[in-house]
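# Results of the structural survey
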Amino acid sequence: MREGSSSDFTPALGFRWLTRLYDPVLRATLKEKKFKGLLVQQAGIEPDQRVLDLGCGTGTLTVMLARACPQAEVVGLDADPEVIEIARRKIASAGVRVELFQGMAFAPPFDANSFDRVVSSLVLHHLSRVDKRRTFSKLRELLKPDGELHIADWGQAQNTLMRLAFLSVQLLDGFESTSDNVEGRLIPLLEEAGFESVEETQREMTLFGTLSLYRALNPR
Ligand SMILES: C[S@@+](CC[C@H](N)C(=O)[O-])C[C@H]1O[C@@H](n2cnc3c(N)ncnc32)[C@H](O)[C@@H]1O
């Protein structure tokens, strides 16, 4: 294994025993439907496109993506079998068509050039810098030319209050993987991987810090 890289992963709320509380905590604290709705809107999915929800967790965003465009093929990937099981139940009760896979973000079990969109919410702050780099380079391979990456994650703190609020996330998920987010290194890391027109499209102050949306294009 390469230094700083991990085949282990941080569970949705930092600790396994908190996973079953993930959905209620997110609903109560983060205006989840609003920011995930903005992300779905930003991704602009069209019929016949193939879309990956990277780090799909309990499947809330995955279901929203499938509902936004039922004629698209939506696929979810997550490292954690426990959240995949929750997502499976949610997808069945929503009656949408989604395929779920277990695997690491930096070793996705898919062919190159096979996705039009990759969408990812609250996952990158779980990855070490080495794993962010490996993941971005894999996503460039997975995306077709002109494919798009749409991200919602913790962004650069826009003021001292937001920086202090983010300490709660850092205590739960660790300082190493989260510091690239809060110190504004996601955009340079995406550019370094070769993505183009990388931009922060929206940002919002939340109880836990600045939540940002990003867009990045895979060049032709
Ligand atoms: C905070 S949750 C976000 C889940 C979902 N995307 C959402 O917005 O609710 C982070 C998710 O990333 C997954 N994860 C963490 N490290 C991962 C990795 N290296 N590869 C794939 N998934 C990973 C966790 O299992 C967890 O489900």
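Look up: the structure comes first, before these words.
Now for a description of the structure that goes with this document.

Calculation criteria
Residues numbered from 1 in each chain as written. Predicted model: local features only at pLDDT ≥ 70, side-chain atom pairs only at ≥ 80, totals over all residues. Heavy atoms only, no water. Salt bridge = Lys/Arg side-chain N within 4 Å of Asp/Glu carboxyl O. Buried < 20%, exposed > 50% of the residue type's maximum accessible area, 1.4 Å probe, protein only. Helix = DSSP H or I, 4+ residues; strand = E, 2+ residues; numbered from the N terminus. Phe/Tyr/Trp six-rings, centres within 6.5 Å; stacked < 30°, edge-to-face > 60°. Lys NZ or Arg CZ within 6 Å of the ring centre and 35° of its normal. Core = buried A, V, L, I, M, F, W, Y, C linked by side-chain atoms within 4.5 Å. Pairing = 2+ DSSP bridges. Axes fitted to C-alpha atoms, helices over the stretch in contact; angles between N-to-C directions. Expected span 1.5 Å × (residues − 1). Contact = heavy atoms within 4.5 Å. Near = heavy atom within 4 Å. Polar contact = N/O pair within 3.5 Å; in protein donor to acceptor, adjacent residues only side chain to side chain. Areas by Shrake-Rupley, 256 points an atom, 1.4 Å probe, with all protein chains shown as cover. Nonpolar A, V, L, I, M, F, W, Y, C, P; charged D, E, K, R; others polar.

## Concerning the pattern of salt bridges
All chains considered together, the criterion is met by 19 salt bridges. Close ionic contact of R185 with E183 constitutes a salt bridge, the shortest N to O distance being 2.8 Å. Judged by its relative accessible area of 25%, R185 falls in the partly exposed class. The class for E183 is partly exposed, based on a relative accessible area of 40%. Here R215 ties to E199 by a salt bridge, and the two come within 3.2 Å at their closest N and O atoms. Of this pair, R215 sits in strand β7 (residues 209-217) while E199 sits in strand β6 (residues 196-206), and the two are 16 residues apart along the sequence. By relative accessible area, R215 is classed as partly exposed at 26%. Three or more residues joined by partner-sharing salt bridges are found here, namely R129, K132, D180, E183 and R185.

## Section: the packing of aromatic side chains
For the coordinates displayed, the defined rule picks out four aromatic pairs. Between the aromatic rings of F15 and W17, the centroid separation amounts to 6.4 Å while the plane-to-plane angle is 35°, which identifies the pairing as tilted. With relative accessibility at 62%, the residue W17 sits in the exposed group. Their ring planes at 55° and their centres at 5.9 Å tell us that W154 and F166 sit as a pair that is tilted. Here F166 lies in the loop between α6 (160-165) and α7 (167-173) and W154 lies in strand β5 (residues 143-154), a separation of twelve residues in the sequence. Given the relative accessible area of 1%, F166 is considered buried. Three or more aromatic residues link up through ring pairs in this structure, and these residues are F101, F110 and F115. The ring of F115 carries R50 above its face, with NZ or CZ at 4.2 Å from the centroid.

## Details of the nonpolar core
Within the largest apolar cluster, 38 residues are counted, with the highest numbers of intra-cluster contacts made by L65 and L122. Those elements that provide at least two residues to this core are α1 (22-29), α2 (32-43), α3 (60-68), α4 (81-94), β3 (98-102), β5, α6 and β7. The element best represented in this core is α3, accounting for five residues.

## Description of the sheet that holds strand β2 (residues 73-78)
With mixed pairing, the seven strands of this open sheet are ordered in space as β3-β2-β1-β4-β5-β7-β6. Sheet topology places β3 and β6 at the edges, where each strand pairs with a single neighbour. Across this sheet, the average inter-strand angle for adjacent strands is 15°, counted without regard to direction. Pairing between strand β1 (residues 50-54) and β2: five bridges, direction parallel. Paired with L52 across the strands is V75, a residue of β2.

## Remarks on α2
In an α-helix, one turn spans 3.6 residues; hence positions three or four apart end up facing the same way. Counted at 1.5 Å a residue, the expected span for α2 with its twelve residues is 16 Å, and the 17 Å between its end C-alpha atoms agrees. Contacts made by the buried residues of α2 are with α1, α3, β4 (115-121), β5, β6 and β7. Backbone geometry just downstream of α2 places G44 in the positive-phi region, at approximately 50°.

## With respect to α3
Among the nine residues in α3, seven count as buried, and that is most of the element. Turning to α3, its buried residues are T60, L61, T62, V63, M64, L65 and A66.

## Side note on the site of the ligand
Within the structure, the ligand sits among 22 residues, and Y22, K36, G55, D78 and S121 are positioned closest to it. The contact in question runs from an oxygen atom of the ligand to an N or O atom on the side chain of K36, over 2.7 Å. One of the side-chain nitrogen or oxygen atoms of D78 is found 2.6 Å away from an oxygen atom of the ligand. For the ligand, the accessible surface in isolation is 590 Å², of which the surrounding protein chains cover 98%. Its residues placed into classes, the shell around the ligand shows 13 nonpolar, six polar and three charged.

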